[in-house]
Each structure stands twice: as C-alpha cells, then as structure tokens.
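Read off the chains here:
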Amino acid sequence: MEKYFKKRTRNSIDSSSANVEVEQEANVEAEQEPQYSENNVVVDRNPDEVEIDEKEIDADPGSRRPIDTFDVNIRDRIRREYVAKGPCQPKGLDFPRKKYGKDYRGFRDVWYKDYVWLEYSTSEDAAYCFWCFLFKRGYSAPGDETFVSSGFSNWKKANERFRAHIGSATSSHNKSRIEYENFVNQRQSVSYVVRKASTRQEKEYRIRLTATLDVIRFLLNQGLAFRGDDESSTSINRGNFLEMLHWYSLRNDEVGQVVLKNAPGNNQMISPKIQKEMVNACAVETTLEILGELGEGLFSIMVDESRDCSVKEQMAIVIRYVNKNGEIIERFLSLVHVKETTSRCLKEAIDFVFSKLGLSLSRLRGQGYDGASNMRGEFNGLKALILKENPSAWYVHCFAHQLQLVCVAVCKANRHVSDFFGYLTPIVTACGSSCKRADKLRQNEHDRMVEMIEKGEINSGKGLNQETSLHRPGDTRWGSHYTTVIRLVSMWPSVVKVLESIFSDGDDAEQSGKCKGLLQKMESYDFVFIMILMKHLLCMVEPLSCALQDREQNILNAINMIAGLKEELQTFRESGWDDLLQEVEDFCRVNEIDVTNMDDIVPRRIRMKRDGTVVTNYHYYRVEIFCQVVDSIIQEMRNRFSESSTDLLNCMACLDPRNQFSNFNVDKLVHLATLYPKDFSSTEMTILPHQLKSFLIDARRDTRFSDVEDLGTLSKKIVEMMKDGFFPLVYRLIKLVLLLPVATASVERVFSAMKFVKSELRNRMGDDWLNDIMVVYNERKMFTTVSNERILVRFQNMDTRRNQLSQLTKDSVT
C-alpha cells in the first residue's frame, strides 16, 4: 500500500547528517551571499519562509522535478515531503505490455515486495529508484542514471537489471539507501547528536506529547474548536485546547510536573503549529486504518459537493467496500475544496485524492451521485469521464434522492396537491414566524396533551408525547414533506387556536386577514381530504426513504423494497378508498368541520372547470383527486426507478437468497460476470457455471442458509461458514453486487458534520485543517482503534524535533 501523503509546509527543518559536502558548500555559499531589501538593507534569508508549491511534489516519478533544481535552503524539506509520501507504487493496474521476441512482457506490481525502493510511472511506463531520486549525487556504474532520469523500461530479465542496479555495498544505490535511512532516523542526525538529551528529558518529552494528544483526541471526537480569541497568559479563557490541557495537568501530578512546571520555554509542544501537525498525524493514521481495512480489494465511490459557511465549494468523497467479514462498509475519505463544480474539475480532484492515497480507478466498481447534470451527464458528466477510464465502474443514481424527487414531482405536478402545499407553507410561517406565536403553539399543544393524558386517551412514558413544532417542507430535505403533514395532523387543534388568536387579537390588519383566509381554507373539506390522502401516501414512502439511508443497504434489497412500495400503492388505489373516506369524515367530525355529501353536485367554483360537465362529489374526490394523485405517484416511481429493468440489475436479482434461491439463474449470473471483464479471466469464466451449480446445491441443502433473506446477510454467512474459499467466484460476484452504492446518505452526513465543525464562529478554517478534523470526526469509531504510539511516531517523523521519543516501537507505524 502506498503511504498516505498529506502536504504540510514544515518549519524548523534541520539538515540531516546524510547531506554530503557538495550540498553543504552550496549552503555556505548561499549564506555568505547577502540578501537586500528594497531599501538596500541587508536582510537574512530564512529557509522556512520559502514557500513550497504543492504542485512541485509530484507523485509520478516520470514527471518529477529533480531535487538539485530546488533552492538549496528547502531541499531537505522537499525530501521530507517525498519521504512522508513514500514511493509511487500503483497496484492493480492493467500495465502496458511490449513484445520481446515471441512473448509480451510488462511491469509487474509483485516486484514491489522484493524491491521496496522501486517506483512505477504510469505516464512513462517506466521504473525508477526512490532512494536514488532523493539522495544520489553521482553514478558509479553505467546505466545507473536510468533509474533516476529517463526510467527503466526493458522488462526482459528485469529482475537481473534490478539486482545489478543495487550492486555492491559501495554502489551509489546503497550509498543512497544509507543516506535515506539516516535521514528518516532523526537520532542519526547531526543536530540530534549536538543537543542530545538525557533519558529523563526524553521521558518528559513523551509525557508532554501524550498529554497534548489526549486533549486533542477529546476535542476531535467532540468536534470542538481548539483556539481562543485571547491565548495570552493573562486571559481568563485561552481556548478549549489550552484550558483543557491546564485542567488535565492540575488533575494528573505526573503531567502537571512536566507540563506546568518543568516544560522548557522552547519545547512546550502546545503551539498552534504543533496542534495542527498532531491533528494531521491523527487524520493520516485514521485514513491508513481505513486503507488497511480496504486492502487491495475493490470499492465504489460516492461524491457530492456542498457550500460551506465561508462560501467555499467542498467536495466530499466516501468509499464503499466489503471487508474481510463480508460486511458492507462506507467510510469518509476526504474533503476537497473545488473552485468549480464542472465535471472535469471534480474528476481532477478525485484523481488528486486517489494519487495521494495510492488508490487506482482501475479498482473502482461503482459510482453513486445525485441527479445533477455535471454528475450524471451522458457525454461530459463525471460519470462519463470515469466510465471512459474504467467501464466496470457502473453508475447508480442515488435512490433516496430519486424518491425525494418523486414526492416533489407529485407535490408540484398535481394541481390539487400543489394548492394544498401552497397553503401549508404559509400556515407553518404564521404559527412560527415570531417567538410569541411559537411559544403559544407549544403551550397550546402542551395543555392539550395534559388534558388527553388525564382523560386516558393517550399514554405517558419515556420518549412519548415529546415537545414538537411545525416543520417546513423542503424540496432538498429527504422526508420533510412527510414530517410537515404528520405534525399538522397531530397538532391541528393547537394550530387552529394560534391562527384564531392572531386573527382576533392581532393589531396588524394584513396579518389578521391572512390568518382568516388560512383558517377558512383549513376548515374546508377539500383541504382535509388532501391532507389525509397525502398522509397515507407519504407514510408508505417514508419507511423506504429511511431504509435507503442505511449504510449497509444493498441494491438488491433496495429494488425489492421499491417493488413492494409499488405494489402497496397499487393496492391502496384499488381498495383504500373506503378507509380513507371514513378517516376523513371522522377527522372532520372531531374538529367540527362540515362533511361533504358525496352524492351532491360539485359547485363550479370548487371544481374550477367550465366544460359544462356536471359531476358529483364522489366522482370529484375519487376520480379527479384520489385516483389522479395515486396514479401520478405510481407513474413517477416507474419513471424514476427505471434502473430496476436494466440488464445489470436483472442479472443481479438472480442472487436473491429468498425462498431458497428461487430466482437463481446460472445463465444470467454468467452473463453478469461478463459485465466485469477485468474480474474474471477466461479460465474462471469456464469454471464459473459449474461453481454456481455446486453453490446452489450446497446452499439449498445447508439449513443454515434457510433464514437468510437478503444479500448482505448471505455475504456475512458465507464468510462465517468459511465457504468463500470453496466458492471464490460466487463470493466475488456477491461482493461486486454489494459494492454498488444505493444512496449518498453517507455523503450527506459528512456535510451535516461540516456545518457543525465549520460554523459561523470558525469560518476562517483552512482547507487542510478542515479536512483533517473532518476525517477524524466522521470516522471516530475507526479513530479509537489507532494507538497513541502510532500517532506520536507519525508526528515525530513529520519534522525534525528538538527531542526524540523514548522507547520507540519499531513496528508502531504500518
């Protein structure tokens, strides 16, 4: 796995003992040359002030800028950036092959295990040496420069050439290796030998770092701010970090002695720079833990963008994969600031993140976005750009987003429902536009609840009858229409009282007039009928909306639930009229609203049609409202969820384990494997039909599969029973189906967390700082598995420190 790389401009970098005399002389000459300001005053040149362009740290060895072309003052900083990044070792790619005689040969990623210094350039199709790139000063043998400058690309007898490059103990490669090891090991540096500390000082240094890390862990887990407005020693509130560290030191004698009393003034390890580097180390190790769980497996991505409080467009990337236990996992990977939301800009941002994390688009097997044109465009959308590079990265439009579009379409397309929600928004506004009205609504509802409890009409208990208020519907908030209608139905008497009080007691004639019109509309049979109808329809849709947002949801289960909803809607259309009509009449009687006679003729002013046709109320409410609304939502469901009829999902449905694998079809599953040509070789395609038949016989015989109802449970059961080794190709098919994303709910959760972390009071957070906090905050459970030692070692190696950690664990960093 390629080491995770996070760009940081590091300060106070000391030269290592590995620097040779040539570079030392260059440093001396640079120091002797005076630097002048605009007024011809000699000024010192601070190496830490020289900025490093992030674009200069190129992951591809074929396009890197040589180390000796950088300013001599920042070469060690550049080296440390590359050391933190690690060698470029892409895996799982379809490497190009060249013809050598009768055979075709190409680069092989298995070489990384034997030659840890080996790098591969995708742009040049060539191999390079990471150690020589960083530290080589000359070439001891002909051809050595190939592994640094032009790249090695002769794959015939490549192992022999690699061993020849390593050479003897005095070869230039081994000299570079020694310099690299000394550079990484700070205890070998000259600066450390000069200021070598005692064992007691190193122990105190570790205590200070651990105390700082403990406080940072708490703040990250809670998503709290670090800094304060005034962090001076005389301030009564120096910010969460310093105040928490002070509180911690007072209650721990060992920490108090080291942090409060004996900490050197120049090595307290509490500066903002130290805080940011420690948080970055936490984020890096958390991401490494995620990548370690992913391993070399396949995955899919979910991407969306949203604007933060400082008006920056942020793109969130979430990956979905199946772990070693057969469980579906969704993890937040990165938050990237994008200057544009065009598909090409988003694609470049994804490529940048993947290059940092050592991921490859060739391992991608699914992509899920919302329905924006820049995402799902057939020709230039993000979906199309990724499919051009990897045809196996199948696209799925977010099911939860589509379901919300169904509700929005019905609310806007049908004139009766549109009129209902047109009045609903002003009702919510009128009852909650001021604190006085909102308090009156809550008090009315509280009094009504107390009265109902005293009469025994409702029960009291923990979690029951909580204080609530009206909710405004929104087109982009999933389930908001359902919440609005449900609360209006439950709080109807309280809402009517508030509107009546505004009409009777209000001083504003305009507001009183509006409330009178709202009351007249609410107490009409037409309004109540549509309200109860929408309550029934949205109550059917809401469970599906919640289920689609489950992290472990799989696409087969989602399709089955969508099919079930369509059947439920059709059943409601055919046999739900009588129950609906009875509920509407009961509601009207309880709330003293006139009940319409279904045999009467509809007045022209209600029907709003001048076609001369005379219809009864029964025809108007059942045919023109009930049937039309239900038909429109059924039709929208069919139009929005047309993916269930595609070739891919039809084949996937054959893996459904319900009813003893009744839908199992070998031919369709073999066809499904052909849709993933990179995952099944020609030999495996020959074996697959026989393995599918054997698996079906075994699954139907084994009673442990009898209670399996969905594909996610089947995957975990196969791993639990260790049958993934007996039927590897079948299990591979199951994992490919599970990888397809169902909804982008995990991405939306990231944006909800971003609003909490980057609030109006913290709107000046930098992009890197925000990303580090977001990674840890969103993956808190994964962060708890990362030990302090790993984080401290990562932090120690990020820069040259004044002290070294005592009793370092060699295997603490993976």
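Residues numbered from 1 in each chain as written. Predicted model: local features only at pLDDT ≥ 70, side-chain atom pairs only at ≥ 80, totals over all residues. Heavy atoms only, no water.

### Let's talk about the overall build of the protein
Here is the rule we go by: A run of DSSP states H or I qualifies as a helix once it reaches four residues; a run of E qualifies as a strand once it reaches two. Both are numbered from the N-terminal end. Burial classes: relative accessible area under 20% of the type maximum marks a residue as buried, over 50% as exposed, and values in between as partly exposed (1.4 Å probe, protein chains only). We call two residues contacting when some pair of their heavy atoms lies within 4.5 Å. Computed by Shrake-Rupley with a 1.4 Å probe, the accessible areas treat only the displayed protein chains as cover when residues are assessed.
The helix and strand tally for the protein stands at 35 helices and 11 strands. Within the protein, the fraction of its 814 residues that count as buried is 50%. In the protein, of all internal contacts separated by at least 6 residues, the share reaching a separation of at least 24 is 71%. Summed over all atoms, the accessible surface of the protein reaches about 39200 Å², with 48% contributed by carbon and sulfur.

### Side note on the sheet that holds strand β8 (residues 313-322)
The test is simple: Pairing between strands is defined by DSSP: at least two bridges between them are needed. Angles here are taken between N-to-C directions and fall from 0 to 180 degrees, while the axes themselves are lines fitted to C-alpha atoms, restricted in helices to the stretch in contact.
A sheet is described by the order of its strands in space; here 5 strands give the open sequence β9-β8-β7-β10-β11, paired in mixed fashion. The open sheet is flanked by β9 (328-337) and β11 (394-397), the only strands paired with a single partner. Strand-to-strand twist of the sheet, defined as the mean angle between neighbouring strand axes without regard to direction, takes the value 25°. Sheet analysis places strand β7 (residues 299-307) next to β8, joined by 8 bridges and oriented antiparallel. Its bridge partner lying in β8, R307 is registered against E313. On top of the sheet, helix α14 (residues 382-389) reaches β7, β10 (364-369) and β11; it is set at about 175° to β10, its chief contact.

### Observations concerning the packing of helix α18 (residues 480-490) against helix α21 (residues 525-548)
Stated formally: Under this scheme an angle from 65 to 115 degrees is roughly perpendicular, one under 35 degrees roughly parallel, and one over 145 degrees roughly antiparallel; angles in between are oblique. In a left-handed crossing the near helix is turned counterclockwise from the far helix by less than a right angle, and in a right-handed crossing that turn is clockwise. The nonpolar class holds Ala, Val, Leu, Ile, Met, Phe, Trp, Tyr, Cys and Pro. Asp, Glu, Lys and Arg form the charged class, and all remaining residues, Gly among them, are polar.
Between α18 and α21, whose axes approach to 9 Å, the crossing angle comes to 130°. When the interaxial angle is binned, α18 and α21 end up oblique. Crossing hand, α18 versus α21: left-handed. Along the contact surface, α18 presents H481, Y482, V485, I486, L488 and V489, while α21 presents F527, M531, K535, L538, C539 and E542. Here the residues of the contact of α18 with α21 are counted per class, giving 9 nonpolar, 1 polar and 2 charged.

### Looking at helix α30 (residues 711-720)
For clarity, the threshold we go by: Within 3.5 Å is the distance limit for a polar contact, defined as a pair of N or O atoms, with the added protein rule that one can donate a hydrogen and the other accept it, and that residues adjacent in sequence qualify only through two side-chain atoms.
When you tally the buried positions in α30, you get 7 out of 10 residues, the bulk of the element. For α30, the set of buried residues is L711, G712, L714, S715, K717, I718 and V719. Its buried side turned inward, α30 meets β8, α22 (555-575), α27 (658-661), α29 (682-701) and α31 (728-739). Between the side-chain oxygen at the start of α30 and the backbone nitrogen of G712 there is a gap of 3.0 Å, and the oxygen is on D710. Of the residues trailing α30, M722 is marked for its positive phi of about 60°.

### Section: the pattern of salt bridges
Close approach of charged atoms allows side chains with opposite charge to pair. The line we're drawing: Any Lys or Arg side-chain nitrogen found within 4 Å of a carboxyl oxygen on Asp or Glu counts as a salt bridge.
For the structure shown, the criterion picks out 32 salt bridges. Across the pair R320 and E330 runs a salt bridge whose closest N-O atoms are separated by 2.6 Å. Of this pair, R320 sits in strand β8 while E330 sits in strand β9, and the two are 10 residues apart along the sequence. A residue is classified by how much of its surface remains accessible, and R320, at 1% relative accessible area, is buried.

### Notes on unusual backbone geometry
Its identity as a non-glycine residue notwithstanding, N659 has a phi of 55°, on the positive side. With respect to the helices and strands, the residue N659 is situated in helix α27. The backbone of M722 sits at a positive phi, close to 60°, despite the residue not being glycine. Mapped onto the elements, M722 comes out in the loop between α30 and α31. A relative accessible area of 62% means that M722 is categorised as exposed.

### Points about the packing of helix α16 (residues 415-432) against helix α20 (residues 509-522)
Two quantities define a packed helix pair, namely the angle between the axes and the distance from one axis to the other. As a packed pair, α16 and α20 sit with axes 11 Å apart at the nearest point and diverge in direction by 130°. The orientation of α16 relative to α20 falls into the category oblique. The way α16 lies across α20 gives a crossing that is left-handed. Across from D419, Y423, P426, I427 and A430 in α16, the residues of α20 making contact are L518, K521 and M522.

### Some words on the packing of aromatic side chains
Under the convention used in this document: Aromatic pairing here means that ring centres of Phe, Tyr or Trp (its six-membered ring) are within 6.5 Å. Orientation follows from the plane angle: under 30 degrees is stacked, over 60 is edge-to-face, and everything else is tilted. In this analysis the charged atom, NZ for Lys or CZ for Arg, is taken to sit over a ring once it is within 6 Å of the ring centre and within 35 degrees of the ring normal.
Scanning all chains against the criterion turns up 43 aromatic pairs. Each ring, one from F147 and one from F152, has its centre 5.3 Å from the other, and the planes form 10°; the classification is stacked. With respect to class, F147 is no different from F152; both count as buried. Ring centres of F695 and F705 lie 6.4 Å apart, and the angle between their planes is 75°; on these two criteria the pair is classed as edge-to-face. Taken as a pair, F695 in helix α29 and F705 in the loop between α29 and α30 lie far apart in primary sequence, 10 residues in all. When sorted by exposure, F695 lands in the same class as F705, which is buried. Each member of the aromatic cluster is reached from another via a ring pair, and the members are F95, F107, W111, Y112, Y115, W117, Y120, F147, F152, W155 and F162. The lysine or arginine in question, R217, covers the ring of F783, its NZ or CZ lying 4.5 Å from the ring centre.

### Quick notes on the side chain of R794
Inspection of the secondary structure assignment puts R794 in helix α35 (residues 788-797). The exposure class assigned to R794 is buried, which follows from its relative accessible area of 13%. Reaching out from R794, the side chain makes a polar contact with the side chain of E285 at a distance of 3.0 Å.

### Side note on the pairing of β10
Remember that side chains alternate between the two faces of the sheet whenever the strand is regular. With 6 of 6 residues buried, β10 is to be regarded as a mostly interior element. In the sheet, β7 pairs with β10 via 3 bridges, with the strands oriented parallel. When the sheet's bridge partners are listed, M302 is paired in β10 with G368.

### Some points on the side chain of R217
Formally: Positive charges are assigned to Lys and Arg, negative charges to Asp and Glu, while His and the chain termini are left out of the count.
Tracing the backbone through its elements, the reader meets R217 in helix α8 (residues 199-222). The side chain of R217 sits in the buried core without any salt bridge; D214 is the nearest counter-charge, 5.2 Å away. Excluding its chain neighbours within four sequence positions, the residues that come into contact with R217 are F783, V786, S787, N788 and I791.

### Some points on the environment of F727
Secondary-structure assignment places F727 in the loop between α30 and α31. Here F727 falls in the buried class, since its relative accessible area comes to 12%. Spatially, the C-alpha atoms of F727 and S694 are 8.5 Å apart, while their sequence positions differ by 33 residues. For F727, the residues in contact, after removing those within four places along its chain, are Q691, S694, F695 and D698.

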